[in-house]
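A structural walkthrough
The residues making up each chain are set out below.
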Amino acid sequence: MNLEKLSPVLRQYEFFEDLDACQIMPLGAGLIHETFLIESPNGKYVLQGFNQEVFQYPDRIAFNLEQLFTKQIADKLPYELPLPLLNESGKQLSSVDGKNWRVFPFVKGQTLEQISSKDQARIAASAFAEFSKAGTELKVDILKETIPDFHRLDLRFECFCAVASGMERKLDSEEESILRFYLNQKPLIENYKETTQKLPLRLTHNDTKINNLIFSESLDRVKALIDLDTVMPGYLLYDFGDLVRTVACTQTEISTDWENLRLDESVFEALMEGYLSGLGNLVEKEERESLLLGGEVMTCMMGLRFFTDHLQGNIYYRVNYPEQNLHRAKNQSILLRDLQSKRELLRNLWIKASNHSSL
């Protein structure tokens, strides 16, 4: 993508006065949006092409982010919340030839794909919790679902069962084994439904991977929380659970190193300490205790999604080889087994972290 093709977008922003003096280059390795770094005489900016195949309701995203503007959520945070800059029409989205674009302020720092210390896990968890805490005065019921039923484990399970029951081809032994494992997760599904009925909805990020934080160059603090398209009402166990799934696992979700794939309990403890610290006195015991369910819920949900996509012929997730979604589902099943085998240990770590955070 060159500057000439993007000039109709940039002209909609008053701070891009001299387009000839601007430079553009690809930024990041995101799989959803098309992202560029723009260097201009007025500073650096991030230009993002909006992917409407994944996010089919851009107006909902714009509405939710507008609430973060108007309720001064960013002012309550110890780090930056880079929200879309408004164009000359006062809008977050700029449309050119049927495609939407957004411009964000650029935040200098480091992004991580994996942690290299427990301190980084603790810092990350605290940052995501602080975001939810900052939204305390926001009436979350006015926020819109940017992806309907995004983390509804019960509905993901129903979809999985429907697809599995309608399969016409015979599954091989590995597929059958993984199928049986996820079919046997009905008790977890029921526990999830029963637990969430008792919980309040909170302002949640809903995609708490470590690479959605920008760290300082020294990696000792968070400078910004990014990728806010999934911000909507949710349960705290979603955000904490996805941290457990993606940060406390010894292998990434695409790893096939089955023998070395497990939960790192020391990282789980650091995540719990950081998250409870970031929440402060926001939540009562029942909601704090629900965090223990989060890792199982989010790991099971992603395993169901990967396996369902495999059965449907890889129509949603990008794959590098035909069995990759099957292997992703197997990956998540191994982590889920480990989480479930360590329930008593993790509860003891939760008690320890809870006592520490109350001091």
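As shown above, the structure is provided for reference.
Here goes a summary of the coordinates provided.

Rules behind the numbers
Residue numbers here run from 1 along each chain, matching the order of that chain's written sequence. For a predicted model such as this one, the threshold for reporting local features is a pLDDT of at least 70, and the threshold for listing and counting side-chain atom pairs is 80 or more; totals across whole chains, interfaces and linings nevertheless cover every residue. In computing side-chain properties, one takes all heavy atoms of the structure into account and sets aside hydrogens as well as water. Only DSSP runs of H or I reaching four residues or more are called helices, and only runs of E reaching two or more are called strands; each is numbered from the N terminus. The contact definition used throughout considers only heavy atoms, calling two residues in contact when any of these lie within 4.5 Å. Residue burial considers only the protein chains on display, and all accessible areas are found by Shrake-Rupley using a 1.4 Å probe. Whether two aromatic rings pair depends on their centres lying within 6.5 Å, for rings of Phe, Tyr and Trp, where Trp uses its six-membered ring; planes under 30 degrees apart make the pair stacked, over 60 edge-to-face, and the rest tilted. Consider the ring centre and the ring normal. A charge sits over the ring if Lys NZ or Arg CZ is within 6 Å of that centre and within 35 degrees of that normal. When DSSP finds at least two bridges between two strands, those strands are taken to pair. Comment: axis = line fitted to C-alpha atoms, over the contacting stretch for helices; angle = value between 0 and 180 degrees taken between N-to-C directions. The salt bridge definition used is simple: a Lys or Arg side-chain nitrogen within 4 Å of an Asp or Glu carboxyl oxygen. Each residue is assigned to one of three classes by its accessible area relative to the maximum for its type, calculated with a 1.4 Å probe on protein chains only: buried under 20%, partly exposed between the two thresholds, exposed over 50%. The span expected for a helix works out to 1.5 Å for each residue beyond the first. Along the arc lie the directions from the helix axis toward the C-beta atoms. Contacts described as polar in this section are N or O atom pairs within 3.5 Å, which, within protein, must combine one atom able to donate a hydrogen with one able to accept it, while residues neighboring in sequence count only if both atoms come from side chains.

Now for the overall build of the chain. Across its full length, the chain carries 11 helices and 9 strands. Along the first, second and third principal axes, the C-alpha atoms of the chain reach 60 × 55 × 40 Å. Considering only residue pairs separated by 6 or more positions, the chain has 72% of its internal contacts joining residues 24 or more positions apart. With an accessible surface of roughly 17,100 Å², the chain has 47% of that area assigned to carbon and sulfur atoms.

Time to look at the packing of aromatic side chains. All chains considered together, the criterion is met by 15 aromatic pairs. Ring geometry for Tyr316 and Tyr317: centres 4.8 Å apart, planes at 80 degrees, overall edge-to-face. The residue whose ring lies beneath Lys144 is Phe63, and the NZ or CZ to ring-centre distance is 4.7 Å.

Strands sit in the order E1-E2-E3-E5-E4 across an open sheet of 5 strands; the sheet is antiparallel. What marks the edges here is a single partner per strand, and that holds for strand E1 (23-26) and strand E4 (94-96). Pairwise comparison of adjacent strand axes, ignoring direction, gives a mean angle of 30 degrees for this sheet. Pairing analysis gives 5 bridges linking strand E3 (residues 43-49) to strand E5 (residues 99-105), with the strands arranged antiparallel. Directly across from Gly49, in E5, lies its bridge partner Trp101.

Next up on the list: the pattern of salt bridges. Applying the stated rule across the entire model yields 22 salt bridges. Among the salt bridges present, the one from Arg202 reaches Glu287, with a minimum N-O distance of 2.8 Å. Placement of the pair is Arg202 in strand E6 (residues 202-204) and Glu287 in helix H9 (residues 285-311), with a sequence separation of 85 residues. Here the two residues Arg202 and Glu287 agree in accessibility, since each one is buried. A salt bridge links Asp242 to Arg245, with the shortest nitrogen-to-oxygen separation between them at 2.9 Å. A residue pair is termed a helical-turn pair when its members lie 3 or 4 positions apart in one helix, as Asp242 and Arg245 do in helix H7 (residues 236-247) at 3 residues. The buried category is assigned to Arg245, whose relative accessible area is 4%. Linked through salt bridges whose partners overlap, the residues forming this network are Arg262, Glu265, Asp338 and Lys342.

Its identity as a non-glycine residue notwithstanding, Asp97 has a phi of 55 degrees, on the positive side. Position of Asp97 relative to the elements: it lies in the loop between E4 and E5. On the basis of relative accessibility, which here comes to 80%, the residue Asp97 falls in the exposed class. You will see that Leu219, though not glycine, has its phi angle at about 60 degrees, which is positive.

The next thing to look at is the pairing of E3. Each regular strand carries side chains that alternate between the two faces of the sheet. Burial within E3 is extensive, with 5 of its 7 residues counted as buried. Taken together, strand E2 (residues 34-40) and the strand that follows it, E3, pair antiparallel across an intervening segment of 2 residues.

Its 15 residues place the ends of helix H11 (residues 343-357) 21 Å apart at the C-alpha level, agreeing with the 21 Å of an ideal helix rising 1.5 Å per residue. Within H11, the full set of buried residues consists of Leu346, Leu349, Trp350, Ala353 and Ser354. Down the axis of H11, the sector holding all buried residues measures 140 degrees, keeping them to one side. In H11, those exposed residues whose orientation departs by more than 90 degrees from the buried face are Glu344 and Lys352. Looking at the buried residues of H11, the elements they touch are helix H8 (265-279), H9 and helix H10 (324-341).

With respect to the helices and strands, the residue Asp229 is situated in the loop between strand E8 (222-225) and strand E9 (232-234). Judged by relative accessible area, Asp229 falls into the buried class, the value being 7%. At 2.7 Å, the side chain of Asp229 forms a polar contact with the side chain of Arg102.

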